[in-house]
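Analysis of the macromolecular model
This is what each chain is made of:
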Amino acid sequence: NTPGNSDLTKLFEFASEEKTIDAQSKQVGYKVQPGQTFLQVPIPKLAEPPQQSNSSKKEEGPAVATGTSSSEEIGEPKEKKSKTAPSSSSATAPAGAKMEIVDYKACFKRMLEAYILQGYTSPVTQQKGVAYRSSRMRTFPQYLFIQMLRFEQVDLTKEGKGFQIQKIRRMANMPVELDIEMLASTGLQKGETALPKAKKPKPEAKPEIIAAVTNMGFSKNAGIRAALATQNAGAEQAVNWVLMHSQDADVNDPIQDNDDDEEEVDAGKVSQVAGMGFNQKHAIKALKATDGDVARAIEWLFSRAGQLDDDSSNEQKKKKIEPGPNTDSPRYKIMGFISHIGERATSGHYVCHILKDNGKWVLYNDNKVTYCEKPPLGLGYIYLYRRV
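Values in this document were obtained by computation on a predicted structure and should not be read as measured data. (Residues numbered from 1 in each chain as written. Predicted model: local features only at pLDDT ≥ 70, side-chain atom pairs only at ≥ 80, totals over all residues. Heavy atoms only, no water.)

1. Some words on the overall build of the protein chain
Each helix and strand in the protein chain was counted, giving 8 helices and 17 strands. Across the 388 residues in the protein chain, those meeting the buried criterion constitute 39%. Sequence-distant contacts, at least 24 apart, represent 68% of the contacts inside the protein chain between residues at least 6 apart. Summing over all exposed atoms, the protein chain offers an accessible surface of approximately 22,900 Å²; the carbon and sulfur share of this is 50%. (Helix = DSSP H or I, 4+ residues; strand = E, 2+ residues; numbered from the N terminus. Buried < 20%, exposed > 50% of the residue type's maximum accessible area, 1.4 Å probe, protein only. Contact = heavy atoms within 4.5 Å. Areas by Shrake-Rupley, 256 points an atom, 1.4 Å probe, with all protein chains shown as cover.)

Quick look at the structure:
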């Protein structure tokens, strides 16, 4: 039901707005990261409520329920236990044990918190220091996948068990009707000063490597491409690269400068990606979409084979998303969720609950399909919402 949209992944994609505060200059930078498909949300531990007098009122802060509930009370399916299965770890709650109940807004607030970037080079002072980075949603997708981070690494070295992955036994009560306006991006705010854009120095091809390639009868442009693609590793590597790519249509073309206002793409990485048979324009596009990761860029291009040939397509014509306020509708309704049955991260079983048009929940457990009166909405691992 999406006329003109052959790439269904676009229905789930959203752009995030990354905010960086330079601790040295106090200036702020904003950057849009498109192509996101999962909203990853942590489940914080229940904080001890502060002691307050009767005259004081808590006006802001995480909306956290202070109660607890058992797995039986919230309708969590039971894991079938093998007679030979080992007993659960003491660090995980057994079935029926009381679990903390964390309001979903508290989870969102934790997700919005800034984290510290050590060794950040300030574009203003050119000195290494600290920055604070956080992220919000620049656009809202038609269909929203939410992944609750229900597994965590814990240090059990004192018990002789090393580091282990354990399941988080906390409820995060996700609603049927969800409003995520609190996650919307804002863009540059009043009183904030924008950071200058940090420009990376362009890589230069070593003259001796270019000469080694031209001495073999190849063009200077081929020598430049070879030097950049091999990261100036040496004459032998560059010559071998040219021999492997001598039939490429653009091997003798000059390296194009990236003149747009986006941060520049490493020409050497462009050559590496283009060396896999992609044209330079597509290589640049893939590297921008994957933060300059060559392996991910190549995978990105292969996954879109046949969709990048037409430069006049709607996707090519789309305007680049700039930082700014998100004006999309933030209201969603749940379609279903996947939950994990079991007390351990290393075993268990996944089941799916779907909300039908008649308002009834249906549980899909392998080939067993039944109606469910009390779906464990607070124990979902992956949720799917549709924008309304």
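2. Section: the packing of aromatic side chains
Under the definition given, this model contains 9 aromatic pairs. Taking 5.0 Å as the distance between ring centres and 15 degrees as the angle between the ring planes, the aromatic pair formed by F38 and F145 counts as stacked. Separated by 107 residues along the polypeptide, F38 in strand β3 (residues 38-41) and F145 in strand β8 (residues 143-148) bring together distant segments of the chain. Exposure remark for F38: the relative accessible area of 35% places this residue in the partly exposed category. Between F278 and F302, the ring centres sit 5.2 Å apart and the planes meet at 70 degrees, which makes this aromatic pair edge-to-face. On the criterion of sequence distance, the pair formed by F278 in the loop between α5 (267-274) and α6 (280-289) and F302 in helix α7 (residues 294-302) is long-range, its members being 24 residues apart. Relative accessible area serves as the criterion here: at 48%, F302 is assigned to the partly exposed category. Among the aromatic side chains, those forming a connected cluster through ring pairs are F12, F38, Y143 and F145. (Phe/Tyr/Trp six-rings, centres within 6.5 Å; stacked < 30°, edge-to-face > 60°.)

3. Some details on the pairing of strand β7 (residues 128-137)
Bridge analysis of strand β1 (residues 14-22) against β7 gives 7 bridges, and the strand direction is antiparallel. For S16, the partnering residue across the bridge sits in β7 and is M137. Where strand β6 (residues 115-121) lies against β7, 6 bridges are found, and the strand directions are antiparallel. Directly across from Y115, in β7, lies its bridge partner R133. Between β6 and the antiparallel strand that follows it, β7, lie 6 residues; Q126 among them carries a positive phi value of about 60 degrees. (Pairing = 2+ DSSP bridges.)

4. Overview of the pattern of salt bridges
In the structure shown here, the tally under the stated rule is 6 salt bridges. Note that E13 and K10 form a salt bridge whose closest N and O atoms lie 3.3 Å from each other. (Salt bridge = Lys/Arg side-chain N within 4 Å of Asp/Glu carboxyl O.)

5. Details of helix α3 (residues 220-229)
The element α3 is largely enclosed, with a buried count of 7 among its 10 residues. Taken together, the buried positions of α3 are A222, G223, R225, A226, A227, L228 and A229. Where α3 is buried, its residues meet α2 (207-214), α4 (235-244), α5 and α6. Of the residues one or two after α3, Q231 is the one with positive phi, at around 55 degrees.

6. Details of the side chain of S16
Its location among the elements puts S16 in strand β1. Residues in contact with S16, not counting those within four places in the same chain, are K31, V32, Q33, Q36, S135, R136, M137 and R138.

7. What about unusual backbone geometry?
Here Q126, not a glycine, exhibits a phi torsion of approximately 60 degrees, which is positive. Its location among the elements puts Q126 in the loop between β6 and β7. A residue is classified by how much of its surface remains accessible, and Q126, at 53% relative accessible area, is exposed. With a phi angle near 55 degrees, D366 is a residue other than glycine that sits in the positive phi range. Here D366 shows up in the loop between β15 (361-365) and β16 (368-372).

8. Points about the sheet that holds β1
Across the sheet, 4 strands lie side by side as β2-β1-β7-β6; this open sheet has antiparallel pairing. Since the sheet does not close on itself, it has two edges, and those belong to β2 (28-36) and β6, each with one partner. Strand-to-strand, the axes of this sheet are offset by a mean angle of 35 degrees, without reference to chain direction. (Axes fitted to C-alpha atoms, helices over the stretch in contact; angles between N-to-C directions.)

9. What to know about the packing of α3 against α4
Across the interface, α3 lies against α4 with an axial gap of 8 Å and an inter-helix angle of 115 degrees. In terms of crossing hand, the pair formed by α3 and α4 is right-handed. Here A222, R225, A226, A227 and A229 of α3 lie close against α4, whose contacting residues are A238, W241 and V242. Partitioned by chemical class, the residues of the contact of α3 with α4 number 7 nonpolar, no polar and 1 charged. (Left-handed = near helix turned anticlockwise from the far one by under 90°. Nonpolar A, V, L, I, M, F, W, Y, C, P; charged D, E, K, R; others polar.)

10. Considering a nonpolar patch on the surface
A cluster of nonpolar side chains, contributed by I21, I116 and Y132, occupies part of the molecular surface with about 250 Å² of accessible area. Mapping I21 onto the fold places it in strand β1. (Patch = residues over 30% accessible without salt bridge, like charges linked within 9 Å, V, L, I, M, F, W, Y side chains within 5 Å.)

11. Side note on the packing of α2 against α4
In the contact formed by α2 and α4, the axes pass within 9 Å of each other and the chain directions differ by 45 degrees. As the angle between them shows, α2 and α4 are arranged oblique. As α2 packs across α4, the resulting crossing turns out to be right-handed. Residues I209, A212 and V213 of α2 form the contact with α4, whose own contacting residues are A235, A238, V239 and V242. Residues that form the contact of α2 with α4 fall into these classes: 7 nonpolar, no polar and no charged. (Parallel < 35°, antiparallel > 145°, perpendicular 65-115°, else oblique.)

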